[in-house]
Amino acid sequence: MPVTIKSKREIERMREAGKILAAVHDELKRFIQPGISTKEIDQKGEELIRGYGCIPSFLGYEGYPASVCVSVNDEVVHGIPSSQRILKEGDVVSLDTGVIYEGWQSDAARTYGVGTISEEKSKLIEVTRKSFFAGIACAKPGNHLYDISKAIQSYVKPYGYGIVKDLCGHGIGSSMHEEPMIPNYKKFGRGILLKPGMTLAIEPMINLGTWKVAWLDDGWTVVTMDGSISAHYENTILITDGEPEILSLSEDSEDRI
Ligand code: MF3
Ligand code: CO
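Residues numbered from 1 in each chain as written. Chains lettered and ligands numbered in written order. Predicted model: local features only at pLDDT ≥ 70, side-chain atom pairs only at ≥ 80, totals over all residues. Heavy atoms only, no water.

Caption draft 1: Geometry of the coordination of the cobalt ion (ligand 2). All of the protein donors around the cobalt ion (ligand 2) are Asp107 (OD), His170 (NE2), Glu203 (OE) and Glu234 (OE); their distances to the metal are 2.0 to 2.3 Å. Counting gaps between the donor residues of the cobalt ion (ligand 2) yields the pattern D-x62-H-x32-E-x30-E. Pair noted here: Asp107 is in strand β5 (residues 104-113) and Glu203 is in the loop between β9 (199-202) and β10 (205-207), with a separation of 96 residues, a long-range link. Classification of Asp107 as buried rests on a relative accessible area of 2%. (Donors = N, O, S within 2.8 Å, 3.2 Å for Na, K, Ca; no water. Helix = DSSP H or I, 4+ residues; strand = E, 2+ residues; numbered from the N terminus. Buried < 20%, exposed > 50% of the residue type's maximum accessible area, 1.4 Å probe, protein only.)

Caption draft 2: View of the site of ligand 1. As a matter of local geometry, ligand 1 sits amid 13 residues, with Asp96, Asp107, His170, His177 and Glu203 nearest to it. Within the contact set of ligand 1, an oxygen atom lies 2.9 Å away from a side-chain nitrogen or oxygen of Asp107. Between an oxygen atom of ligand 1 and a side-chain N or O atom of Glu234, the distance comes to 3.4 Å. The fraction of the free accessible surface of ligand 1 (330 Å²) that becomes covered by protein chains is 95%. (Near = heavy atom within 4 Å. Polar contact = N/O pair within 3.5 Å; in protein donor to acceptor, adjacent residues only side chain to side chain. Areas by Shrake-Rupley, 256 points an atom, 1.4 Å probe, with all protein chains shown as cover.)

Caption draft 3: View of the pattern of salt bridges. Under the counting rule described, the total for this entry stands at 13 salt bridges. One salt bridge connects Lys140 with Glu243, and the closest N-O pair in it is separated by 3.5 Å. Taken together, the residues span a long stretch of sequence, with Lys140 in the loop between α3 (119-136) and α4 (145-156) and Glu243 in the loop between β14 (235-238) and β15 (245-246) at a distance of 103 residues. With relative accessibility at 28%, the residue Lys140 sits in the partly exposed group. Through salt bridges with shared partners, one network takes in Glu12, Arg15 and Glu245. (Salt bridge = Lys/Arg side-chain N within 4 Å of Asp/Glu carboxyl O.)

Caption draft 4: Summary view of the environment of Ala139. Structurally, the position occupied by Ala139 is in the loop between α3 and α4. For Ala139, a relative accessible area of 0% corresponds to the buried category. Placed 96 residues apart in sequence, Ala139 and Gln43 show a C-alpha to C-alpha distance of 34 Å. Excluding anything up to four places from it in sequence, Ala139 contacts Ile148, Leu194, Ile237, Ile239 and Pro244. (Contact = heavy atoms within 4.5 Å.)

Caption draft 5: Molecular detail of the environment of Ile152. Considering the arrangement of structural elements, one finds Ile152 in helix α4. Accessibility expressed as a relative area gives 0% for Ile152, which makes it buried. With residues up to four places along the chain from it excluded, the contact list for Ile152 reads Ser131, Gly135, Asn184, Ile202 and Pro204.

Caption draft 6: Local environment of the sheet that holds β15. Spatially, 5 strands are ordered β8-β7-β9-β14-β15 in an open sheet, and the strand pairing comes out antiparallel. Each edge of the open sheet is held by one strand with a lone partner, namely β8 (178-182) and β15. One ladder, built from 2 bridges, connects β14 with β15; its direction is antiparallel. When the bridges of β15 are listed, Ile237 appears paired with Ile246. (Pairing = 2+ DSSP bridges.)

Pasting the structure below:
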């Protein structure tokens, strides 16, 4: 499948999917506090998504058993929600979820501190979010795909964090994962030319320690090899004639730079 250019009508649906997903994340954020189980977060997420008339895109995706990936501390992504896993003060938790609205997808992730967290952890979360914005600043027609990758890497580099290489961002549309793959580090060459109408999920995954990761026996949970804390930030974006549009982030979000 080549990289698809979305029509006006398709973009309208992806905008709506993104708006709903942004609202779901905003509402889920309020539940992040010590004492909540990761399962409760997932249940709330599914309820919100269905409440907006959407389908939770993760549920059943290649057998994934939940609507929200909840990844705690050294878990990078794809943590499986559990009633046994209770968030505690000082944890770092990332929520990754997606919706399907009238056949069109949106995918986004946020990372939060639970209660009060250390300076070191909040810096990691902040740098991860800001690296997304460094990347999207290059998401303009005339630029190439790996300009985004390079910008993310350049932004993170001075902090000495590990940039996860085994997982990437991706094109998105009527399927959650479309071409192209979007690495968060520099590749040889510049990649495809970016064009208006392309929709991409840009998602840096950054570790306090090594970039190396491992998969747990559950077949899903990705963890850092050295047990260090990890953060993830993702939005679905649209390339336009001018500035890129962030589809899955509320207009009034404090995340915007
Ligand atoms: N948000 C993830 C991604 O960007 C997808 C989660 S995989 C699932 O690739 F199985 F959990 F859905
Ligand atoms: Co994604």
